[in-house]
Amino acid sequence: MTVTPKLIIHGGAGSSLQGKGGVAIVRDALYAIVDEVYALLESGASAKDAAIRGCQLLESHSLFNAGVGSVLQSDGQIRMSAALMDGTKQSLSGVINVTRVEHPIEMAAKLQDERDRILSDEGAANYARELALPVFNPITDKRLNEWLEDRKEDFKRTMANVVAEAPVEAAGSKPEDPEAGRGTIGVVALDSTGAIAAGTSTGGKGFERIGRVSDSAMPAGNYATSAAGISCTGIGEDIIDECFAARVVVRVTDGMSLADAMEKSIAESTANGRDLGAIAIDATGSISWGKTSEVVLAAYHDGTTKGDSLEAEKASMSVTV
Ligand code: GLY
């Protein structure tokens, strides 16, 4: 039986995008990627390949905090983390705190076939060499300047502008500043065979201590089974404390609808004072997003039409076609 493919992607979560210019720029960026990746799914690509391609495109966009445009850590270095989960195999692979590569998601994808599927720091660096990945510097002037500014203040900020800040509030940014909205990125896809995959990639929180581990390469931040897939964004520690991605998927596996699982999990996270957002798809084709923050930068294709969460007021929403 052929299934109508579904796709949802995200570029972070945070406080409101108030400037219309900001919303339009983020929407255009997300929709261009949705269009390209949904076309792949329509032409028969697997959910896994769609998730990888979507993450590559988001990693290459300097608007978002992953790959190019990643934030700098406290020592001025960029360390990135990414994960891929193939729902058909229920298999997570990923890299933690990898440096000098263009697409951390490609390493996560290669690790799907390895016996040791999650590599960090030195192990991830060795693996990048083994794969003969070209050395790539993902730093942008904007990120370097943010770090230099913060160094003047002795790193008083607890995190960089990694989430979708209101353009008028973002330090040093103009209302139309296309780089004012940014964050961890993620993709969840359902392909025409009914398979689900989820991918997530991040530059982390920014200004964090060396060795800090993100949620993005953990089942807390990226998870998929044959029942559902989910990618999270927001403060990694909050996502880990809720074990948010696995929590939603387990609820769906146990019989709860995706809409109810997302709504309940977001309500619990809100009650616990967490700062996070998530995107998800289940095997019935239901698409969902949720947030405890003011905005999650999500866009989707349901097989008929595109939509997004950029100006949504509700804490969660599901689309069932
Ligand atoms: N959610 C990304 C991070 O906190 O590292």
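Anyway, here's the lowdown on the structure attached to this text. (Residues numbered from 1 in each chain as written. Predicted model: local features only at pLDDT ≥ 70, side-chain atom pairs only at ≥ 80, totals over all residues. Heavy atoms only, no water.)

1. Some thoughts on the pattern of salt bridges
Cut-off, in case you're wondering: Just to be clear on terms, a salt bridge is a Lys or Arg side-chain nitrogen sitting within 4 Å of an Asp or Glu carboxyl oxygen. The secondary structure listing takes helices from DSSP runs of H or I that are at least 4 residues long and strands from runs of E that are at least 2 residues long, numbered from the N terminus. Only protein chains enter the accessibility calculation, which uses a 1.4 Å probe. A residue is then buried if its area is under 20% of the maximum for its type, exposed if over 50%, and partly exposed in between.
A full pass over the atoms with the stated rule returns 16 salt bridges. Glu237 is paired through a salt bridge with Lys205; the nearest N and O atoms lie 3.4 Å apart. Here Glu237, found in helix α6 (residues 236-242), pairs with Lys205, found in the loop between β6 (196-202) and β7 (222-224); they are 32 residues apart in sequence, far enough to count as distant. In this structure Lys205 comes out as buried when scored by relative accessible area, which is 17%. Between Glu208 and Arg212 there is a salt bridge, with the nearest N and O atoms lying 3.8 Å from each other. Among the residues examined, Glu208 registers a relative accessible area of 5% and is labelled buried. Through salt bridges that share partners, Asp241, Glu242, Arg247, Arg251, Lys264, Glu268 and Arg274 make up one connected network.

2. Structural notes on the packing of aromatic side chains
The test is simple: Whether two aromatic rings pair depends on their centres lying within 6.5 Å, for rings of Phe, Tyr and Trp, where Trp uses its six-membered ring; planes under 30 degrees apart make the pair stacked, over 60 edge-to-face, and the rest tilted. Any Lys NZ or Arg CZ that is within 6 Å of a ring centre and within 35 degrees of that ring's normal is treated as a charge sitting over the ring.
Going through the model one piece at a time under the given rule, you end up with zero aromatic pairs. Taking the ring centre of Tyr31 as reference, the NZ or CZ of Lys306 above it sits at 5.3 Å.

3. Some points on the site of the ligand
Stated precisely, the cut-off is as follows: One heavy atom suffices: a residue is near a molecule or strand as soon as one of its heavy atoms comes within 4 Å of it. Polar contact is the term for a pair of N or O atoms within 3.5 Å; when the atoms are in protein, one must be able to donate a hydrogen and the other to accept it, and sequence-neighboring residues count only if both atoms are side-chain atoms. Only the protein chains shown count as cover for residues, with accessible areas throughout obtained via the Shrake-Rupley method and a probe of 1.4 Å. Three classes are used: nonpolar for Ala, Val, Leu, Ile, Met, Phe, Trp, Tyr, Cys and Pro, charged for Asp, Glu, Lys and Arg, and polar for all others, with Gly counted as polar.
Contacts to the ligand come from Thr184, Thr202, Gly204, Lys205, Arg212, Ser214, Asp215, Ser216, Gly234, Ile235 and Gly236. Note that an oxygen atom of the ligand is positioned 2.8 Å from one of the backbone N or O atoms of Gly236. For the ligand, whose unbound accessible area comes to 190 Å², protein coverage reaches 99%. In terms of residue class, the shell around the ligand is made up of one nonpolar, seven polar and three charged.

4. Observations regarding the side chain of Gln112
This is how the line gets drawn: We call two residues contacting when some pair of their heavy atoms lies within 4.5 Å.
Within the element layout of this structure, Gln112 appears in the loop between α3 (104-110) and β4 (118-120). Residue class for Gln112 comes out buried when judged on its relative accessible area of 4%. Those residues in contact with Gln112, other than ones at most four positions away along the chain, are Leu84, Met85, Asp86, Lys89, Ser91, Leu92, Ser93 and Arg117.

5. As for the sheet that holds β4
The test is simple: For two strands to count as paired, DSSP must find a minimum of two bridges between them. Inter-axis angles, ranging from 0 to 180 degrees, are taken between N-to-C directions of lines fitted to C-alpha atoms, where helices are fitted over the stretch in contact.
On the basis of which strands lie adjacent, the open sheet formed by eight strands has the order β4-β3-β2-β6-β5-β1-β11-β12 and mixed pairing. The sheet is open, and its two edges are formed by β4 and β12 (306-308), each paired on a single side. Between one strand axis and the next, the sheet turns by 10° as a mean value, whatever way the strands run. Here strand β1 (residues 6-14) pairs with strand β5 (residues 185-190) via five bridges, running antiparallel. Among the inter-strand pairings, His10 is bridged to a residue of β5, identified as Gly186. The sheet strands contacting helix α2 (residues 47-60) are β1, β2 (80-86), β5 and β6, and the helix crosses β5 at an angle near 155°. Seen against the sheet, helix α4 (residues 121-130) touches β3 (91-98) and β4 and runs at an angle of roughly 105° to β4.

6. Brief notes about the side chain of Glu242
The residue Glu242 is located in helix α6 in this model. On the accessibility criterion, Glu242 (2% relative accessible area) is buried. Of note is the side chain of Glu242, whose polar atom sits 2.8 Å from the side chain of Asn272.

7. Digging into the pairing of strand β8 (residues 228-234)
Of all seven residues that make up β8, seven are buried, and the element is covered over most of its length. Burial along β8 is two-sided: Ala228, Ile230, Cys232 and Gly234 facing one way and Gly229, Ser231 and Thr233 facing the other are all buried. Of the strand pairs in this sheet, β7 and β8 are connected by three bridges, and their pairing is antiparallel. The residue of β8 that forms the bridge with Asn222 is Ser231.

Nothing here speaks to function; it is all geometry.
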